[in-house]
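# Inside the fold
This is what each chain is made of:
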Amino acid sequence: MNQVKSVAHILAALSLLIFVLSGCVAPTDAPNRASGAADILHARKVIALVSNAENEQATRAAASAEGYRELETATLGALGLTMLTFEMPPDVTGVEAIEQLEAAVPGSVVGINHAYRLQQQSSGAASLEYANAMMRWPDDGCRAQSPIGLIDTGLNTSSPSLAPARVITRRFFEGTAGDTAHGTDVATVLVDANRLQDVTLYAANVFGQEENLGLVAGADALIKALDWLAQQNVQFVNLALAGPYNKLLDLAVERATANGMILVAAVGNNGPNVEPMYPAGFSDVIAVTAVDINGNIYRNAVRGPHVDIAAPGVDILVNSGNGARFVSGTSIATPLVTARLVADGSLKNKPSIEQVRNRLKGKSTDLGARGHDPTFGNGLVLAEDVCGG
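Only a predicted model underlies this, so the values are computations on that prediction, with no experimental measurement involved.

## A look at the confidence of the model for the protein chain
Here the protein chain averages 86 in pLDDT, while 87% of its residues score no lower than 70. Here residues 1-37 is a poorly scored stretch, pLDDT under 50, and it has 67 contacts once near neighbours within four places are set aside; other chains count.

See below:
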């Protein structure tokens, strides 16, 4: 396990203790880590992840005996899990439901459904697109060494910017679909022939419009998307989204990465003085921050010992079918790192997360304080001399 990320988890747990002792109740997976004022989808729902048929039956029986109503069962075969979703009785809180069901069935993981948000903002800049030159991408780009997974909004699959790639999409939520601009922007960066050719993109649509919350993704949708991508044998997955710690998502990420999946996630745009956001905060996820053309950190980027690597992410010119425009944020830096990993032939045979980190560190240029630091991680990622090997 990455030690610096373990430290981040300990600090977050201590923050939760302080939060509880102050007389408040954290709206998170108590007794887990604090995550600020986290949004929760479907406040009367609770979710259990179980790993065998015996625990599945026991969880159902315990929930039924206490007046819970089962809403959904999802088999996550690639992760070796089953997801059970229940409606809580009117007089039971989320914290009580978690404690009650986990106590009834040791070995189950029970939690609530946190909301995750996109990490990209429009920019009014007047600069030219500079990311390829800054990262030293080869002039002719590279051939993709493996398929790419994308967990994001839906895509505008008719956009000319996606034409160079084979795109397979699937939706993982019920309700009203949201805007496709963010997902299409990120996908455009991933499949741009100036960086990668011969791309197969598996795009999981996890974002929908929720009353009072806007465009968000639930932890349950992220987990189902991870399972689908694992079924497709996707090795590298891009997550340009961020939110609070969620122990259900933690377990799913642990299962996915144990099977060789490499997750590349945005650190988030909530500013330098917040706790780690997730999934970038998990120890087995590559955490990406954003810098501008001069190598200065994006002002809204989250900082911390969990940051792995930086990529251009300020005033990036994207033309994803609705006219060229400039965007900024850790969301737009993340696919540049994912594309660089997919181009690297030395990483195509299920490397460990530490092998990936070492490869990125060895192909980067230091920024900020010497060595790894909580602002830039290991510095600016480079793409020179990585095509195919």
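## Focus: the side chain of serine 146
Examined against the element boundaries, serine 146 turns out to sit in the loop between strand E7 (142-143) and strand E8 (148-152). Serine 146 gets classed as buried once you look at its relative accessible area, which sits at 13%. For serine 146, the contacting residues outside a window of four places in its chain are Gln235, Phe236 and Val342.

## Notes on the sheet that holds strand E1 (residues 45-50)
Read from one edge of the open sheet, four strands run E2-E3-E1-E4, paired in antiparallel fashion. The sheet is open, and its two borders are formed by strand E2 (69-76) and strand E4 (109-111), each paired with just one other strand. The sheet shows a mean angle of 20° between the axes of neighbouring strands, direction not considered. As paired strands, E1 and strand E3 (residues 81-87) are joined by six bridges and run antiparallel to one another. Note that in E3 the partner of alanine 48 across the bridge is leucine 84. Packed onto the sheet, helix H6 (residues 219-231) meets E1, E2 and E3 and runs at close to 25° relative to E2. Sheet strands touched by helix H7 (residues 247-258): E1, E3 and E4. Its angle to E4, the strand with the most contacts, is close to 135°.

## Quick notes on the packing of helix H5 (residues 181-191) against helix H8 (residues 330-343)
Working note: a packed helix pair is described by the angle between its axes plus the distance between those axes. Contact pair H5 / H8: the axes reach a minimum separation of 8 Å and the direction vectors enclose 30°. One element, H5, and the other, H8, form an angle in the roughly parallel class. Read as a crossing pair, H5 and H8 show a hand that is right-handed. Contacts between H5 and H8 involve His182, Asp185, Val186, Val189 and Leu190 from the first element and Ser331, Ile332, Pro335, Leu336, Thr338 and Ala339 from the second. Of the residues that constitute the contact of H5 with H8, the class distribution is seven nonpolar, three polar and one charged.

## Some words on the side chain of lysine 247
As for its placement among the helices and strands, lysine 247 is situated in helix H7. Look at lysine 247 and you get buried, because its relative accessible area is 9%. Among the polar contacts made by the side chain of lysine 247, one reaches the main-chain carbonyl oxygen of valine 110 at a distance of 3.1 Å.

## Let's talk about the nonpolar core
If you look at the biggest cluster of nonpolar residues, it comprises 57 residues, and the most contacted ones within it are Leu201, Ile286 and Val337. If one sorts the elements of this core by residue count, H8 sits on top with eight residues. Excluding residues within four positions of it along the chain, isoleucine 286 makes contact with Ile262, Leu263, Val264, Ala265, Asp308, Ile309, Ile353, Val356, Arg357 and Leu360. Counting residues in hydrophobic clusters, the runner-up holds 49 residues, among them Ile47, Ala219, Ile223 and Trp228.

Reading the values: rules and limits
Residues numbered from 1 in each chain as written. Predicted model: local features only at pLDDT ≥ 70, side-chain atom pairs only at ≥ 80, totals over all residues. Heavy atoms only, no water. pLDDT = per-residue confidence, 0-100. Contact = heavy atoms within 4.5 Å. Helix = DSSP H or I, 4+ residues; strand = E, 2+ residues; numbered from the N terminus. Buried < 20%, exposed > 50% of the residue type's maximum accessible area, 1.4 Å probe, protein only. Pairing = 2+ DSSP bridges. Axes fitted to C-alpha atoms, helices over the stretch in contact; angles between N-to-C directions. Parallel < 35°, antiparallel > 145°, perpendicular 65-115°, else oblique. Left-handed = near helix turned anticlockwise from the far one by under 90°. Nonpolar A, V, L, I, M, F, W, Y, C, P; charged D, E, K, R; others polar. Polar contact = N/O pair within 3.5 Å; in protein donor to acceptor, adjacent residues only side chain to side chain. Core = buried A, V, L, I, M, F, W, Y, C linked by side-chain atoms within 4.5 Å.

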